[in-house]
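Observations on the three-dimensional arrangement
Spelled out from the first residue to the last, the chains are:
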Amino acid sequence: MRQPSNHRPGRSRHADNVQKFKVKADAPLLEAAAAVLPDHKPTKLKSMLKHHQFAINGSPTSQFNQPVKAGDELWVNFDGSFHVFSHPRIKLVYEDADMMVVDKGYGVLSTAAGNNIKDETVYNVLRKYVKLRSEHARVYMVHRLDRDTSGLMIVARTAKAREKFLTEWATIVKERKYEAVVEGNVEQDQGMVQNYLRDADNYEVCSSSDPDEGGELATTRYKVLQRTARFSRVQLSMRYGHKNQLRVHMKDLGHPISGDRKYGGRANGIHRLALHATRLVFNHPITGDTLTFESPIPDNFQALLKL
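Numbering of residues starts from 1 in every chain and runs along the sequence as written. Selection of residues for local features in this predicted model requires a pLDDT of at least 70, selection of side-chain atom pairs for listing and counting requires 80 or more, and totals for whole chains, interfaces and linings are taken over all residues. Values shown for side chains rest on all heavy atoms present in the structure; no hydrogens or waters enter the calculation.

The next thing to look at is empty space enclosed by the protein. Both site types are read off a 1 Å grid over the protein atoms alone. A 1.4 Å probe that fits but cannot get out defines a cavity, while an open set with protein on both sides within 12 Å along at least five of seven lines defines a pocket; lining residues have an atom within 4 Å of a point. Grid points are joined across faces, edges and corners, and a volume is the space filled by probe spheres set on the points. All told, the structure shown has 1 cavity of 30 Å³ or more when counted by the stated rule. Taken together, His143, Leu152, Arg176, Lys177, Tyr178, Ala277, Thr278, Arg279 and Leu280 form the lining of the largest cavity. Per-element accounting of the lining of the largest cavity gives the leading share, 4 residues, to strand S17 (residues 275–283). Throughout, the ten residues Ala, Val, Leu, Ile, Met, Phe, Trp, Tyr, Cys and Pro are labelled nonpolar, Asp, Glu, Lys and Arg are labelled charged, and all others, Gly among them, are labelled polar. Along the lines of polarity and charge, the residues of the lining of the largest cavity split into 4 nonpolar, 2 polar and 3 charged. Secondary structure follows DSSP: runs of H or I at least 4 residues long count as helices, runs of E at least 2 residues long count as strands, and numbering of each begins at the N terminus.

So, in structure tokens, the structure goes:
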């Protein structure tokens, strides 16, 4: 059934056959849909869910009990399905008109680098996805993860959001936490590594305690979460982040990240760098709302800890 074109309170046109509704109260998705579409029977709403005709803040979903918060926008495609993002190594965690949060898999580049311009990257995958809705849509990388690091990262969808992140990063971003499995037993339960980092000619990053040698001052805080006979599982946090910072700082601590042969680590049984971005807390660049995202460590990290 095509929804009539006249506007109701809380609804605005987004595209020819897509309308947006402002949600007034916290509720599971199916209840929120019933509240904004009171003339639709439950069977009709369930059918629309099945066919991906709903999106929360622009992110399509068919999960009937997905939480929807007051103030969220419920998008309804009355004439067809929203394109649902799907990729074997990149998970779209959050999306709205201004930004996205993705959970990047191991081995995927954030953006093209050097001679890898033809490789599949987070940027290329997301760019193709947003252009399915509009040929004028854009994506902007806000921060990057190494190819060998997995986990959460932010991508802007508008130039305004990108500019806010880049110029106000220190105030917008509240927490960036990672977890790593490092070699050996870290002696102190928690501590800090701080020194100057600079890029070297061999594509590695060098550290020094002497500011006269050049580089940027970088600080990494660590907390031991678990110790085994061969490894320590640690939580790492930083505010800004230099390229390879966590990897270099764990080497400086005397406990390189497992699998990080570039910075002193040995090969391991899971055949990857044991570093994962687990938590992001930041203020939305446009609305100012506090957003929190978490991603558990991969299962093979737990397998490594049992070796």
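Definition used in this section: a nonpolar core is a set of buried Ala, Val, Leu, Ile, Met, Phe, Trp, Tyr and Cys residues joined via side-chain atoms within 4.5 Å. Each residue gets one of three labels from its accessible area relative to the maximum for its type: buried under 20%, exposed over 50%, partly exposed in between, using a 1.4 Å probe on protein chains only. Of all hydrophobic cores here, the largest spans 41 residues; its most connected members are Met100, Val122, Leu126, Tyr178, Leu236, Ile257 and Leu275. Setting aside its immediate chain neighbours within four residues, Leu275 contacts Asp148, Thr149, Ser150, Tyr178, Glu179, Ala180, Leu236, Leu246, Arg247, Ile257 and Phe301. Only heavy atoms matter for contacts: two residues are in contact if any of them lie within 4.5 Å across the pair.

This paragraph deals with the pattern of salt bridges. A carboxyl oxygen of Asp or Glu within 4 Å of a side-chain nitrogen of Lys or Arg is what we treat as a salt bridge. Applying the stated criterion across every chain, the model contains 12 salt bridges. Note that Asp146 is salt-bridged to Arg247, the shortest N-O span being 3.2 Å. Linking Asp146 in the loop between strand S10 (140–141) and strand S11 (150–156) with Arg247 in helix H5 (residues 245–253), this pair joins segments that are 101 residues apart in sequence. A relative accessible area of 22% places Asp146 in the partly exposed class. One salt bridge connects Glu175 with Lys177, and the closest N-O pair in it is separated by 3.5 Å. Of the residues examined, Glu175 reaches a relative accessible area of 24% and is grouped as partly exposed. By relative accessible area, which is 23% here, Lys177 ends up partly exposed. Connected via shared salt-bridge partners are Glu175, Lys177, Arg279 and Glu294.

Further remarks concern helix H1 (residues 29–36). Every buried residue belonging to H1 is among Leu29, Ala32, Ala33 and Val36, and all of these are buried. Along H1, the residues classed as buried sweep out an arc of 100° about the axis, all on the same side. Residues of H1 that are exposed and angled more than 90 degrees away from the buried face: Glu31 and Ala35. The elements touched by buried residues of H1 are strand S2 (18–22), strand S3 (27–28), helix H2 (42–50), strand S4 (54–56), strand S6 (67–68) and strand S7 (73–77). Arc definition: it is the arc formed by the directions from the helix axis to the C-beta atoms.

What follows covers the environment of Asp189. The topology assignment puts Asp189 in the loop between strand S12 (173–183) and strand S13 (190–199). Residues Asp189 and Tyr222, 33 residues apart in the sequence, show an inter-C-alpha distance of 8.3 Å. With near-sequence residues (within four places) excluded, Asp189 lies in contact with Tyr222, Lys223, Val224 and Arg227. In terms of polar contacts, Asp189 uses its side chain to reach the side chain of Arg227, at 2.9 Å. Residues adjacent in sequence count toward polar contacts only when both atoms are side-chain atoms; beyond that, a polar contact is any pair of N or O atoms within 3.5 Å, and within protein one must be able to donate a hydrogen and the other to accept it.

The backbone of Asn244 shows a phi angle near 60°, a positive value even though the residue is not glycine. Examined against the element boundaries, Asn244 turns out to sit in the loop between strand S16 (231–237) and H5. Under the relative-accessibility criterion, Asn244 is labelled buried at 7%. Positive phi, normally seen in glycine, also occurs at His271, with a value near 55°. Residue His271 is classed as exposed on the basis of its relative accessible area of 65%.

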